[in-house]
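Overview (structure and organization)
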Amino acid sequence: MCRICQYLCRTCGSTKCEYSSLYSKGRRSADILVQIGYWFYVFFVFWDLFEFVFIYFFYVETKGRSLEELDVIFEAPNPRKASTKAVQPVDAEDILKGQ
């Protein structure tokens, strides 16, 4: 949702999106908790485990990388796999020469 807003109002759109999400979760949580009891918490434990596994296997590691290294990683056919390897940074002179 926040990506469709113009740059100047992106924070406003992002905030509205976040608050509406939190509001709807807060309003429905009590009803769901009454209906299914402690399974409500079990669901969120498994959801958090799923997110952890998904992020571990599919997100690209960007910590401690320069912009040149990130450019090489995201241009690779498999950026996730490329992010786990040592990346040779591209020299600025090579870019200017078109190599």
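Quick look at the structure, then. (Residues numbered from 1 in each chain as written. Predicted model: local features only at pLDDT ≥ 70, side-chain atom pairs only at ≥ 80, totals over all residues. Heavy atoms only, no water.)

1. Concerning a nonpolar patch on the surface
On the surface, Phe43, Phe44, Trp47, Phe50, Phe52, Val53, Phe54, Ile55, Tyr56, Phe57, Phe58 and Tyr59 cluster together to form a nonpolar patch covering roughly 1300 Å² of accessible area. Positionally, Ile55 belongs in helix H2 (residues 39-58). (Patch = residues over 30% accessible without salt bridge, like charges linked within 9 Å, V, L, I, M, F, W, Y side chains within 5 Å. Areas by Shrake-Rupley, 256 points an atom, 1.4 Å probe, with all protein chains shown as cover. Salt bridge = Lys/Arg side-chain N within 4 Å of Asp/Glu carboxyl O. Helix = DSSP H or I, 4+ residues; strand = E, 2+ residues; numbered from the N terminus.)

2. A few points about the environment of Glu61
Checked against the element boundaries, Glu61 lands in the loop between H2 and helix H3 (67-75). When the C-alpha positions of Glu61 and Ile73 are compared, they lie 9.4 Å apart, and in sequence the two are twelve residues distant. Ignoring anything within four residues of it in the chain, the contact list for Glu61 reads Ile73 and Ser83. (Contact = heavy atoms within 4.5 Å.)

3. A short note on H3
Buried within H3 are the following residues: Glu69, Leu70 and Ile73. Angular distribution of buried residues about the axis of H3 spans 100 degrees; they occupy a single face of the element. Across H3 from its buried face, at more than 90 degrees, point the exposed residues Leu67 and Glu75. Buried positions along H3 lie against helix H4 (79-83). (Buried < 20%, exposed > 50% of the residue type's maximum accessible area, 1.4 Å probe, protein only. Arc of directions from axis to C-beta.)

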